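Here are the chains, one letter per residue:
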Amino acid sequence: MRALTLVADRQLVIAEIPAPPPPGASEVQIGVKAVALNHIDVWGYRGMAFAKRKLPLVVGAEASGEIIAVGAGVTRFKPGQPVVMYGALTCGNCRACNEGRDNLCENVAGIMGFHVDGFAREFINLAERLVIPVPEGVSDRDAACAPIAFSTVQHMLFDNAKLQSGETVLVHAGGSGIGTVAIMMAKAIGCTVITTVGDDSKIDGVKRLGADHVINYRKDRFEHETRRITKKKGVDVVFEHVGADTFNGSLLSLKRGGRLVTCGSTSGPTTTLNLMQLFQQQYRIFGSFGATMRNIAESLDKMAGGMHPIIDTEVPIEDVATALKRMESRQVFGKIVVGF
């Protein structure tokens, strides 16, 4: 079968690898339909020192598919059923897993497509417990954006930041894959959304998604504009995923007692904090990584209810390297999806 394989930094090839055997007990075999790209794919493509892995490596951390066959004891799925897959090999036995906090698994074996072979292949066998059914009416393309993009935002905004109707939220990089989702989810519960973009060409797009105020951070200091828009009060929540370039400005954008939730550091992993500002203003900072199985199911329900991911481009498997370079350029508006 075909598999999109990283053989060296910035070198992807379509390789022929053995097809999986029939699924074992409590396993399902899935035919992959679509893979959605994320910044973790860019990091893996570049080669990251903190990723303990062996090459060649099948890439792809987020995908949708269809059940091909089921192993003994599988009761939740049947052949032909559309599904998505959890992107980390959790143990299923530790306290966190048993409590439904999958992204805090104490014995995780790796992230698919980054530490261990991922989803960008025609067929894969996976434990039944790591598979989530897709509701009727949700396309393969849209479903592929649920396991990371939608669910990450769901976990950030509602599990961690506890975003409430009527609050004001600053969403960084509103044209990015998770930025577009954050705007839609915040507007869906009646929040006021301020967002940043790096190019005027993205302004109309984020406004169509519901953004109330748009700041081009290349032209204006977003923290100054945010204070102006909020009449110096600041926002209730900052949706942060840019990193060093924006982190301290994000804190300055918060109102007293405001919440900052972060899941990324694409502009750099380190920064300095003014600790007096932190405790005097009583900020609450949440680190958020990945999502739970429940978050993925919640995200799929939102898709079934009409909240569709914004798709920048759909590309064939042969053009993934070009798509990853497009992500690096930050010209993407929404998600890039690879078809199989």
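Residues numbered from 1 in each chain as written. Predicted model: local features only at pLDDT ≥ 70, side-chain atom pairs only at ≥ 80, totals over all residues. Heavy atoms only, no water.

A. Representation of the overall build of the protein in the model. Regarding its fold elements, the protein presents 11 helices and 16 strands. Relative to its length of 340 residues, the protein is compact, with a C-alpha radius of gyration of 20 Å against a globular reference of 20 Å. For the protein, with 340 residues in total, the buried portion stands at 53%. For the protein, the proportion of contacts with a sequence separation of at least 24, taken over those separated by at least 6, is 69%. Distance between charge centroids for the protein: 7 Å, based on 37 positive and 34 negative side chains. (Helix = DSSP H or I, 4+ residues; strand = E, 2+ residues; numbered from the N terminus. Rg over C-alpha atoms; globule rule 2.2 N^0.38 Å. Buried < 20%, exposed > 50% of the residue type's maximum accessible area, 1.4 Å probe, protein only. Contact = heavy atoms within 4.5 Å. Lys, Arg positive; Asp, Glu negative; His and termini not counted. Charge placed at Lys NZ, Arg CZ, Asp CG, Glu CD.)

B. Here's a closer look at the side chain of Glu128. In this structure, Glu128 sits in the loop between strand S7 (123–127) and strand S8 (131–133). Buried charge without a partner: Glu128 forms no salt bridge, and the closest opposite charge is Arg76, 4.5 Å away. At 3.3 Å, the side chain of Glu128 forms a polar contact with the backbone nitrogen of Thr75. With sequence-adjacent residues up to four places away left out, Glu128 is seen in contact with Ser26, Glu27, Gly73, Val74, Thr75, Arg76 and Phe77. (Salt bridge = Lys/Arg side-chain N within 4 Å of Asp/Glu carboxyl O. Polar contact = N/O pair within 3.5 Å; in protein donor to acceptor, adjacent residues only side chain to side chain.)

C. Region of the structure containing helix H11 (residues 320–328). All of the buried residues in H11 are Val320, Ala323, Leu324 and Met327. Taken around the axis of H11, the buried residues stretch over an arc of 100°, which confines them to a single face. Relative to its buried face, H11 has exposed residues pointing more than 90 degrees away, namely Thr322 and Lys325. Looking at the residues trailing H11, positive phi occurs at Arg330, about 65°. (Arc of directions from axis to C-beta.)

D. Fine view of the packing of helix H4 (residues 146–160) against helix H10 (residues 293–304). At their nearest, the axes of H4 and H10 sit 8 Å apart, and the two run at 105° to each other. In terms of axis orientation, H4 runs roughly perpendicular to H10. Touching Ala146, Pro147, Phe150, Ser151, Gln154, His155, Phe158 and Asp159 of H4 are Arg294, Asn295, Ile296, Glu298, Ser299, Leu300, Lys302 and Met303, all from H10. (Axes fitted to C-alpha atoms, helices over the stretch in contact; angles between N-to-C directions. Parallel < 35°, antiparallel > 145°, perpendicular 65-115°, else oblique.)

E. Representation of the sheet that holds strand S10 (residues 192–197) in the model. What the 6 strands build is an open sheet, ordered S11-S10-S9-S12-S13-S14; its pairing is parallel. Either end of the sheet is taken by a strand with one partner, and the two such strands are strand S11 (213–216) and strand S14 (284–287). On average, each strand axis in the sheet is inclined to that of its neighbour by 15°, with strand direction left out of account. Note that strand S13 (residues 254–262) and S14 share 4 bridges and pair parallel. Paired with Thr262 across the two strands is Gly287, which belongs to S14. In this fold H4 packs onto strand S12 (235–240), S13 and S14, with an angle of close to 150° to the strand it touches most, S12. (Pairing = 2+ DSSP bridges.)

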